[in-house]
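For reference, the chains in residue letters:
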Amino acid sequence: MEARAAKGFTLPEFSYPLIVESAQNVRKGKPFTKNGLSPIYKDFKTKLDKLDTDKATKDRLLTELVAALKDDADRGYREFEKRSAAIGSGVHGNYGVAKFSNGEAYYNELLRNYTTTSMTAEEVHALGLAEVARIHGEMKAIMRQVGYDGTLAEFFDFMRTDKQFYKPNTDKGRAEYLELARSYIGNIEPRLDDLFITKPKAPVVVRRVEPFRERASGKAFYNQPAPDGSRPGTFYANLKDMADMPIYQLEALVYHEAIPGHHMQRAIQIETTGLPKYRQFGGYTAYTEGWGLYSEYLGKDLGFYEDPYSDFGRLAMELWRAARLVVDTGLHAEGWEMQKAIDYLTTNTPNPEGDCRNAIERYIVYPGQATAYKIGMNKILDLRRNAEASLGDKFSIREFHETVLISGPVPLEVLEGRIADWVASKR
């Protein structure tokens, strides 16, 4: 961080207090402070309690941990906090890479990396505007279906504020949210044979993002299972503020992060033998996130989203990824200020303002990455529709998905070639 700052390539101003806060949160609780347990101590103690060994060994290990935390870890984290804060004290603004020297070329290279296409920032921006308009049209149809009398903007406000769409901001509300997520996984698992040949061996679990890292974490994310089967795949939901986690979006979120989305794709990738290591464990964002977003659409294929509000949630999730194309390129190529990007999301999506602000913070510090989702989904859908049109009765959705998944992540151009070969073999 200091080397980057010395050359003028810093993170935006808002990042450094979050970095310092996250480090400070690690030092809250025993053995650093009196109240509560620090995250490291708590995690270590939980694993130690399950260990099959004698009490003397457990006591010795815990004593060694406490000594290490109170000495090296405490000193190291304090030093990290001090130096991070010092870097941040000299940073003001800096909300897009276009402001850097060579920023335009840097951003275009990031787009090529994340999308695995040759699309320019202007083309990505235009695609985003077109997709936002299309999805708005589909949302208006659902608005009429549920009998709402008003504008789309008013309907967005209704979805943001009506209590029926949110769990209480309490421990009970958070537990209910996690249980609802598990129920969606349980509903779709028995239907996987309708769409897939190979299925993951590793299970997937649902967990809350730990409180110590909530503020610096995204809305939801997935951690892949261990190759040896010792750890399941994990879908994490950030439940810091339940007002940012509407339940009408949860069904689509589960399909994206767990099954048939990231867990299915990543577990199959890791469990597939014979791939080179970089393909068994690596990835291409447009492929992996494109598959995640495509998986939200697959729930519709299976007859889910029976509640029209849940189907609206599916569209809201797709709209969110379409709007990313607009704001990411707006920030990093069009010269948008941070507030303009936040205002675009709050105006054009039903997501709460806090959700929109957190998202823009993410896009600023992670330029280009958020564009890969919609571009990847569009490519997979285009390949599927073209294959269906070409093969007619010979088209098999199970074989199509097998061809997509069994290769492991590949650039979109390579995926297009694999599907073309499969179509040719079927013909």
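Below, the structure is looked at part by part. (Residues numbered from 1 in each chain as written. Predicted model: local features only at pLDDT ≥ 70, side-chain atom pairs only at ≥ 80, totals over all residues. Heavy atoms only, no water.)

### Digging into the overall build of the protein
Stage number 1. Scanning the protein for helices and strands turns up 18 helices and 3 strands.
Stage number 2. For 427 residues, the compact-globule estimate of 2.2 N^0.38 gives 22 Å, and the C-alpha radius of gyration of the protein, at 23 Å, lies within 12% of that figure.
Stage number 3. Each principal axis of the C-alpha distribution contributes one length, and for the protein these read about 70 × 50 × 45 Å.
Stage number 4. Relative to its 427 residues, the protein shows a buried fraction of 51%.
Stage number 5. Look at the contacts in the protein between residues 6 or more apart in sequence, and 72% of them connect residues 24 or more apart.
Stage number 6. For the protein, the accessible area works out to roughly 20000 Å², and carbon and sulfur atoms hold 51% of it.
Stage number 7. A distance of 4 Å separates the average location of the 58 positive side-chain charges in the protein from that of its 60 negative side-chain charges. (Helix = DSSP H or I, 4+ residues; strand = E, 2+ residues; numbered from the N terminus. Rg over C-alpha atoms; globule rule 2.2 N^0.38 Å. Buried < 20%, exposed > 50% of the residue type's maximum accessible area, 1.4 Å probe, protein only. Contact = heavy atoms within 4.5 Å. Areas by Shrake-Rupley, 256 points an atom, 1.4 Å probe, with all protein chains shown as cover. Lys, Arg positive; Asp, Glu negative; His and termini not counted. Charge placed at Lys NZ, Arg CZ, Asp CG, Glu CD.)

### Observations regarding the environment of Leu180
Stage number 1. As for its placement among the helices and strands, Leu180 is situated in helix α8 (residues 171–188).
Stage number 2. On the accessibility criterion, Leu180 (25% relative accessible area) is partly exposed.
Stage number 3. Taking the C-alpha atoms as reference points, Leu180 and Lys219, 39 residues apart in sequence, are found 16 Å from one another.
Stage number 4. The residues contacting Leu180, other than those within four sequence positions of it, are Ile247 and Leu250.

### With respect to the environment of Arg27
Stage number 1. Along the chain, Arg27 turns up in the loop between α2 (15–26) and α3 (39–50).
Stage number 2. Under the relative-accessibility criterion, Arg27 is labelled buried at 12%.
Stage number 3. As for Arg27 and Asp74, which are separated by 47 residues in sequence, their C-alpha atoms are 7.1 Å apart.
Stage number 4. Setting aside its immediate chain neighbours within four residues, Arg27 contacts Phe32, Thr33, Asp74, Tyr77, Arg78 and Glu81.

### Points about the environment of His256
Stage number 1. On the secondary structure map, His256 appears in helix α9 (residues 250–257).
Stage number 2. Spatially, the C-alpha atom of His256 lies 21 Å from that of Met159, the residues being 97 residues apart in sequence.
Stage number 3. With residues up to four places along the chain from it excluded, the contact list for His256 reads Gly261, His262, Glu289, Gly292, Leu293, Glu296, Arg321 and Tyr373.

### Points about the packing of α9 against helix α13 (residues 308–332)
Stage number 1. Across the interface, α9 lies against α13 with an axial gap of 7 Å and an inter-helix angle of 55 degrees. Compared by their axis directions, α9 and α13 come out oblique. Along the contact surface, α9 presents Glu251, Ala252, Leu253 and His256, while α13 presents Ser310, Gly313, Arg314, Met317 and Arg321.
Stage number 2. Here the contact of α9 with α13 is composed, by residue class, of 3 nonpolar, 3 polar and 3 charged. (Axes fitted to C-alpha atoms, helices over the stretch in contact; angles between N-to-C directions. Parallel < 35°, antiparallel > 145°, perpendicular 65-115°, else oblique. Nonpolar A, V, L, I, M, F, W, Y, C, P; charged D, E, K, R; others polar.)

### Examining the packing of α13 against helix α14 (residues 338–348)
Stage number 1. One way to put it is that α13 packs onto α14 with a least axis distance of 10 Å and a crossing angle of 160 degrees. The orientation of α13 relative to α14 falls into the category roughly antiparallel. Between α13 and α14 lies a crossing of right-handed hand. Here Leu319, Trp320, Ala323, Val326, Val327 and Leu331 of α13 come into contact with α14, specifically with Met338, Ala341, Tyr344, Leu345 and Asn348. (Left-handed = near helix turned anticlockwise from the far one by under 90°.)

### Some remarks on α8
Stage number 1. Taking 1.5 Å as the rise per residue, α8 with 18 residues should run 26 Å; its terminal C-alpha atoms sit 27 Å apart, in good agreement.
Stage number 2. Along α8, the positions that sit buried rather than exposed are Gly173, Arg174, Tyr177, Leu178, Ala181, Tyr184, Ile185 and Ile188. In a view along the axis of α8, the buried residues occupy a sector of 140 degrees, so they form one face of it. Residues of α8 that are exposed and point over 90 degrees away from its buried face: Asp171 and Lys172.
Stage number 3. On its buried face, α8 sits against β1 (204–208), β3 (233–237) and α9. (Expected span 1.5 Å × (residues − 1). Arc of directions from axis to C-beta.)

### Describing the nonpolar core
Stage number 1. Judged by nonpolar contacts, the single largest core of 54 residues is most densely connected at Tyr177, Val254, Tyr294 and Phe400.
Stage number 2. A total of 7 residues in this core trace back to one element, the largest contributor, which is helix α16 (residues 372–391).
Stage number 3. When neighbours within four sequence positions are excluded, Val254 is seen to be in contact with Ala181, Tyr184, Ile185, Phe235 and Ile259. (Core = buried A, V, L, I, M, F, W, Y, C linked by side-chain atoms within 4.5 Å.)

### So, α3
Stage number 1. Over its 12 residues, α3 runs 17 Å from end to end, which matches the ideal 16 Å to within 8%, given 1.5 Å per residue.
Stage number 2. Taken together, the buried positions of α3 are Pro39, Tyr41 and Leu48.
Stage number 3. Elements in contact with the buried residues of α3: α2 and α4 (55–88).

### Considerations on the pattern of salt bridges
Any two side chains of opposite charge can pair, so long as their charged atoms come close to each other.
Stage number 1. A complete count under the given rule lists 32 salt bridges for this structure.
Stage number 2. The partner of Arg134 in a salt bridge is Glu138, and the shortest N-O contact between them spans 2.7 Å. On the criterion of helical spacing, the pair formed by Arg134 and Glu138 is a turn pair, its members being 4 residues apart in helix α6 (residues 121–145).
Stage number 3. Look at Glu138 and you get partly exposed, because its relative accessible area is 32%.
Stage number 4. Each of the salt bridges in this network shares a partner with another, and the network as a whole consists of Glu131, Arg134, Glu138, Glu318 and Lys374. (Salt bridge = Lys/Arg side-chain N within 4 Å of Asp/Glu carboxyl O.)

### What about the sheet that holds strand β2 (residues 220–223)?
Stage number 1. Taking strand neighbours across the sheet as the criterion, the 3 strands line up as β1-β3-β2 in an open arrangement whose pairing is mixed. On the outer flanks of this sheet lie β1 and β2, each paired with one strand and no other. Neighbour to neighbour, the strand axes of the sheet diverge by 20 degrees on average, direction disregarded.
Stage number 2. Inspection of the sheet shows β1 paired to β3 by 5 bridges, in the parallel sense. (Pairing = 2+ DSSP bridges.)

### Side note on the layout of surface pockets
Stage number 1. Approximately 1300 Å³ is the volume found for the largest pocket.
Stage number 2. Lining the largest pocket are 50 residues, and of these Ser217, Gly218, Lys219, Ala220 and Arg362 lie nearest its centre.
Stage number 3. Contributing elements (two or more residues each) for the lining of the largest pocket: α2, β2, α9, α10 (262–271), α12 (285–301), α13 and α15 (353–365).
Stage number 4. Top element by residues in the lining of the largest pocket is α15. It accounts for 7 residues.
Stage number 5. Here the residues of the lining of the largest pocket are counted per class, giving 19 nonpolar, 17 polar and 14 charged.
Stage number 6. Lining the second largest pocket we find 20 residues, and of these Pro39, Lys42, Asp43, Glu210 and Phe212 sit closest to its centre. (1 Å grid on protein atoms, 1.4 Å probe; cavity = no way out; pocket = protein on both sides within 12 Å on 5 of 7 lines; lining within 4 Å. Points joined across faces, edges and corners; volume = space filled by probe spheres on them.)

That's the geometry; what it means functionally is another story.
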